[in-house]
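# Geometric and topological summary
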Amino acid sequence: MATHGFQDGSGTGVSLPDAVPFDLPHLSRLSWELGSRVVDGEDVVRHSEWGRTGRSWLLTIFRVTANTVVMRVETPVGRERFYGAAEQDLESALPKLESAPRWERLE
């Protein structure tokens, strides 16, 4: 089940893990089941894949609709977390990822 804007009922906003060098204003956390189904869809296009130095974290960005992206964050212990966002918000945050010294594009 997806959460829309909040991780729990406490009003705490959703944010990407601290290891990811940017955050997005209107981020939704998706369940593993929903996120994995979405990114495996036929019409989904891989936007980019990024690795943190030592490849301890992986970030894969997928275009899932004309205006929506899903980001899969793989933790150092192999857990996958999924986040949905507007592509426009992602495009404005990408320069931070591109200039982050500990992150590199893998493809």
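Keep in mind it's a predicted model, so treat the numbers as computed, not measured. (Residues numbered from 1 in each chain as written. Predicted model: local features only at pLDDT ≥ 70, side-chain atom pairs only at ≥ 80, totals over all residues. Heavy atoms only, no water.)

## Structural notes on helix α1 (residues 32-39)
- Turning to α1, its buried residues are Gly35, Ser36 and Val39. Buried positions in α1, seen along its axis, are confined to an arc of 95 degrees and lie on one side of it. (Buried < 20%, exposed > 50% of the residue type's maximum accessible area, 1.4 Å probe, protein only. Helix = DSSP H or I, 4+ residues; strand = E, 2+ residues; numbered from the N terminus. Arc of directions from axis to C-beta.)

## Section: the environment of Met71
- Looking at the secondary structure, you find Met71 in strand β4 (residues 68-74).
- Residue class for Met71 comes out buried when judged on its relative accessible area of 0%.
- Spatially, the C-alpha atom of Met71 lies 5.6 Å from that of Phe82, the residues being 11 residues apart in sequence.

## Side note on the pairing of β4
- Counting buried positions along β4 gives 6 out of 7 residues, so the element sits mostly inside the fold.
- With 6 bridges joining them, strand β3 (residues 58-63) and β4 adopt antiparallel strand pairing. Counted as the bridge partner of Leu58 is Glu74 from β4.
- Hairpin geometry of β3 and β4 is characterised by an intervening segment of 4 residues between the two adjacent antiparallel strands.
- The pairing of β4 with strand β5 (residues 80-86) spans 7 bridges and is antiparallel. Note on β5: the bridge partner recorded for Arg72 is Phe82.
- In textbook terms, the turn of a hairpin is the stretch between consecutive antiparallel strands, and for β4 and β5 this stretch comprises 5 residues, one of which, Gly78, has a positive phi near 90 degrees. (Pairing = 2+ DSSP bridges.)

## Describing the side chain of Asp89
- You can see Asp89 is positioned in helix α2 (residues 87-99).
- One buried charged residue, Asp89, forms no salt bridge at all, with the nearest opposite charge on Lys96 at 12 Å.
- Discounting chain neighbours no more than four positions away, the residues touching Asp89 are Leu24, Pro25 and His26. (Lys, Arg positive; Asp, Glu negative; His and termini not counted. Salt bridge = Lys/Arg side-chain N within 4 Å of Asp/Glu carboxyl O. Contact = heavy atoms within 4.5 Å.)

## What about the confidence of the model for the protein chain?
- In this model, the protein chain carries an average pLDDT of 88, and 88% of its residues clear a pLDDT of 70 or more.
- Overall, residues 1-11 carries pLDDT values under 50, and its contacts beyond four positions in sequence, including any with other chains, amount to 20 contacts. (pLDDT = per-residue confidence, 0-100.)

## Quick word on α2
- With 13 residues, α2 should reach 18 Å at 1.5 Å per residue; the first-to-last C-alpha distance of 19 Å fits that figure.
- Most pronounced at Ala93, the bend in α2 amounts to some 40 degrees, and the proline Pro95 follows within four residues.
- All of the buried residues along α2 are Glu87, Asp89, Leu90, Ala93, Leu94 and Leu97.
- At its buried positions, α2 is contacted by β2 (45-52), β3, β4, β5 and β6 (103-105). (Expected span 1.5 Å × (residues − 1). Bend = angle between axes of the 7 residues up to and from the residue.)

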